[in-house]
Amino acid sequence: MNNRPQRKKPDSFSHKWNSRDDEKWMERALVAAMDAATRGEVPVGAVLIQDKRLIAEGSNSPIGMNDPTAHAEIVVIRNAATILNNYRLAGTTLYVTLEPCVMCVGAMIHARIDRLVYGAADPKSGAVSSLYTIAGDGLLNHNMEISGLVLEHKCALVLKNFFAERRNNLKQLKKEKI
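Note that this is a predicted model, so its numbers are computed, not measured.

**Structural notes on helix 1 (residues 20–38)**
Next up, step 1: Counted at 1.5 Å a residue, the expected span for helix 1 with its 19 residues is 27 Å, and the 27 Å between its end C-alpha atoms agrees.
Next up, step 2: Of all the residues in helix 1, the buried ones are Asp22, Trp25, Met26, Ala29, Leu30, Ala32, Ala33 and Ala36. Buried residues in helix 1, looked at end-on, bunch into an arc of 165°, giving them a common side. Looking at helix 1, the residues exposed on the side facing more than 90 degrees away from the buried face are Arg20, Val31 and Thr38.
Next up, step 3: Those residues of helix 1 that are buried are in contact with strand 2 (45–50), strand 3 (53–59), strand 4 (92–98), strand 5 (115–120) and helix 5 (152–177).
Next up, step 4: Sitting at the amino-terminal end of helix 1 is Ser19, which places a side-chain oxygen 3.0 Å from the backbone nitrogen of Asp21.

**Digging into the pattern of salt bridges**
Next up, step 1: For the structure shown, the criterion picks out seven salt bridges.
Next up, step 2: Of the charged contacts, one joins Asp35 and Arg39 as a salt bridge, the two residues approaching to 3.3 Å between their closest N and O atoms.
Next up, step 3: Residue class for Arg39 comes out partly exposed when judged on its relative accessible area of 39%.

**Here we look at unusual backbone geometry**
Next up, step 1: Phi is positive for Lys52, close to 60°, though the residue is something other than glycine.
Next up, step 2: Take Lys52: it is sitting in the loop between strand 2 and strand 3.
Next up, step 3: Phi is positive for Arg112, which is not a glycine, with a value near 65°.
Next up, step 4: Inspection of the secondary structure puts Arg112 in the loop between helix 4 (102–111) and strand 5.

**Section: the side chain of Ser61**
Next up, step 1: If you trace the backbone, Ser61 turns up in the loop between strand 3 and helix 2 (62–65).
Next up, step 2: When neighbours within four sequence positions are excluded, Ser61 is seen to be in contact with Arg39, Glu41, Asn66 and Ala70.

Scoring rules and cut-offs
Residues numbered from 1 in each chain as written. Predicted model: local features only at pLDDT ≥ 70, side-chain atom pairs only at ≥ 80, totals over all residues. Heavy atoms only, no water. Helix = DSSP H or I, 4+ residues; strand = E, 2+ residues; numbered from the N terminus. Expected span 1.5 Å × (residues − 1). Buried < 20%, exposed > 50% of the residue type's maximum accessible area, 1.4 Å probe, protein only. Arc of directions from axis to C-beta. Contact = heavy atoms within 4.5 Å. Polar contact = N/O pair within 3.5 Å; in protein donor to acceptor, adjacent residues only side chain to side chain. Salt bridge = Lys/Arg side-chain N within 4 Å of Asp/Glu carboxyl O.

Below, the structure is given as structure tokens:
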């Protein structure tokens, strides 16, 4: 007999969205993602909103900070906690251009973020709906409302272009060595 809790489909997940605010804030996260790309970081950006006000924004920085945990979401959560002088970020919405990984979802749960809005799905490490449903599976002590695939095409295109350019640069380097 298996006594492990059964995973259930998240009640709080929706691929549907129609809020102009969601588009507005995702566009802001895309600007942060482009900033990461200019620094050679994987272009993922995030913003944290409370009461329709920007609290913090950031982008991927693991290379520049020599910190494997410096994902856009973690950077934003750390900045917001400092700004709000509280490690709990209740009443906030986090917008991020790529579906968060296990580490980032865990940090969001511990911070008690109320809502997550993400752009592109991440089939390789997504922990919201692609590989895992950690944020809304009902097994943890905090669940958040989730809206996915907001401006999905734009968010995915930023990543696709970044990696295409990186591959082209590698090809060019190989040609120059020959």
